[in-house]
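Each chain, written out:
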Amino acid sequence: MEQTGLKKSFIQLHLSVMLAGFTGLFGKLVTLNETTLTWYRLVFTTMILLVFTGLPRIEFKKFLKIAGCGTLLGLHWILFYASIKASNVSIGVVSFASICFFTSIFEPMILRKRFSIVDMLLALITIVGLACIFSFDTRYRTGIIIGVLSAAVCSLYAITNKTACQDIKSRTALLYLMVGGLIGVSIIIPFYLMIYPSSQPVMVIPEGDNLWWLLCLALFCTAGLYLLQIIVLKKLSAFTVNLTYNLEPCYTILIAFAAFGEGRELNVSFYVGITMVILSVVLQNLMASRRKENTKK
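Residues numbered from 1 in each chain as written. Predicted model: local features only at pLDDT ≥ 70, side-chain atom pairs only at ≥ 80, totals over all residues. Heavy atoms only, no water.

Chemist: Whenever I open this one, the side chain of Ser-170 confuses me. Can you help?
Modeler: Looking at where Ser-170 falls in the secondary structure, it is placed in helix H9 (residues 170–195). Sequence-distant contacts of Ser-170, that is, excluding residues within four places in its chain, are made with Leu-227, Ile-230, Ile-231 and Lys-234. (Helix = DSSP H or I, 4+ residues; strand = E, 2+ residues; numbered from the N terminus. Contact = heavy atoms within 4.5 Å.)

Chemist: Is there a simple way to explain the environment of Ser-280 in this structure?
Modeler: Mapped onto the elements, Ser-280 comes out in helix H13 (residues 268–296). Residue Ser-280 is classed as buried on the basis of its relative accessible area, which comes to 0%. (Buried < 20%, exposed > 50% of the residue type's maximum accessible area, 1.4 Å probe, protein only.)

Chemist: Can you help me understand the packing of aromatic side chains in this one?
Modeler: The relation between two aromatic rings is expressed through the spacing of the ring centres and the mutual angle of the planes. Evaluation of the coordinates by the stated rule reveals 10 aromatic pairs. Considering the side-chain rings of Trp-39 and Tyr-40, the 5.2 Å spacing of their centres and the 85° angle between planes classify their relative orientation as edge-to-face. Given the relative accessible area of 11%, Tyr-40 is considered buried. Here the aromatic cluster, defined as three or more aromatic residues joined through ring pairs, consists of Trp-39, Tyr-40 and Phe-44. It is Arg-41 that lies over the ring of Trp-77; its NZ or CZ is 3.7 Å from the centre. (Phe/Tyr/Trp six-rings, centres within 6.5 Å; stacked < 30°, edge-to-face > 60°. Lys NZ or Arg CZ within 6 Å of the ring centre and 35° of its normal.)

Chemist: So what exactly am I meant to see when it comes to the confidence of the model for the protein chain here?
Modeler: Residues shown with low pLDDT carry predicted positions that ought not to be read at fine detail. Residue-level pLDDT values for the protein chain average 81, and 87% of them are 70 or greater. When mean pLDDT is compared element by element in the protein chain, helix H4 (residues 60–86) scores highest at 93, while H13 scores lowest at 67. (pLDDT = per-residue confidence, 0-100.)

Chemist: So what exactly am I meant to see when it comes to the packing of H9 against helix H10 (residues 209–233) here?
Modeler: Between H9 and H10, the shortest axis-to-axis distance is 9 Å and the interhelical angle comes to 125°. Overall, the two elements H9 and H10 adopt an arrangement that is oblique. The handedness of the crossing between H9 and H10 is right-handed. In this structure, H9 contributes Ser-170, Arg-171, Ala-173, Leu-174, Leu-177 and Met-178 to the contact, and H10 contributes Thr-222, Ala-223, Tyr-226, Leu-227, Ile-230 and Ile-231. (Axes fitted to C-alpha atoms, helices over the stretch in contact; angles between N-to-C directions. Parallel < 35°, antiparallel > 145°, perpendicular 65-115°, else oblique. Left-handed = near helix turned anticlockwise from the far one by under 90°.)

Chemist: How do you make sense of the nonpolar core when you look at a structure like this?
Modeler: Side chains of a nonpolar character, in soluble globular proteins, are inclined to be buried together. Residues Tyr-157, Leu-177, Met-178 and Leu-214 are the most contacted members of the largest nonpolar core, which totals 81 residues. With residues up to four places along the chain from it excluded, the contact list for Tyr-157 reads Cys-69, Leu-72, Leu-73, Leu-177, Tyr-226 and Gln-229. (Core = buried A, V, L, I, M, F, W, Y, C linked by side-chain atoms within 4.5 Å.)

Chemist: Even after reading the chapter, I still don't get empty space enclosed by the protein, so can you show me in this structure?
Modeler: The final tally for this structure, using the stated rule, is 2 cavities of 30 Å³ or more. There is about 190 Å³ of room inside the largest cavity. His-76, Phe-96, Tyr-226, Tyr-245 and Glu-248 are the residues nearest the centre of the largest cavity, which is lined by 17 residues in total. Those elements that provide at least two residues to the lining of the largest cavity are H4, helix H8 (141–164) and H10. In terms of residue class, the lining of the largest cavity is made up of 11 nonpolar, 4 polar and 2 charged. For the lining of the second largest cavity, the secondary-structure elements that each account for two or more residues are H8 and H10. Grouping the constituent residues of the lining of the second largest cavity by class yields 3 nonpolar, 2 polar and 2 charged. (1 Å grid on protein atoms, 1.4 Å probe; cavity = no way out; pocket = protein on both sides within 12 Å on 5 of 7 lines; lining within 4 Å. Points joined across faces, edges and corners; volume = space filled by probe spheres on them. Nonpolar A, V, L, I, M, F, W, Y, C, P; charged D, E, K, R; others polar.)

The following block contains the structure:
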């Protein structure tokens, strides 16, 4: 029975990764500034969730914890879209793969667990892969740096979210995650724009294609994706979830190649790097399976 539940969790995890693969695509298609894009993504997702869940009661202390996680998530989105707009979709999502490195450091510190040398070594494979990509073209260095920073923030979100949302229904947790994120991002945006001014208008009403893509982003790649992620985090470790999310670049890059022809901009170093990222995921999944078998014995 436990093995069946574990398989179901891994299926849900990989489905959420597939949905995440479209996030970068929508980020490229929406022509709004990254702060505006993130703000409307939170607004539309909150509205969708309110229709399906209503406004369930929750303790104020619990709301503050979830709201803090939502703020981290919103900040990650801002930085992630800034990375894509400063480089391209492929670079943005591969830079995000450094999340496993940060998780291998942050998770033991925050959850007071022992540091895993194996996890650190697997994470370092990803970092070496990123180093290969980083060196191939100076045009993309700003995008890579912002992308790595977004991964660090997302790692903190995943770890803190695992404990904050543990004791409540997944849909309720996601609703207040979005509400808290909306409040937090609304406070962050003015400070962010002081540090990183935008060349585009910030507060504009989305219309036409921008409105359509934002609605798709909110429904499929936010409500659907993060509902699955919250469910999965109740069964699997944050490190396993975050490292499996390193497969996201594979889905996104294939889409970006087909939709935007980004393959023409990349060279051998990029492909060596992405191969190392995929290798780290495969090895981690093998290690996770072995640990389960040893536990049973």
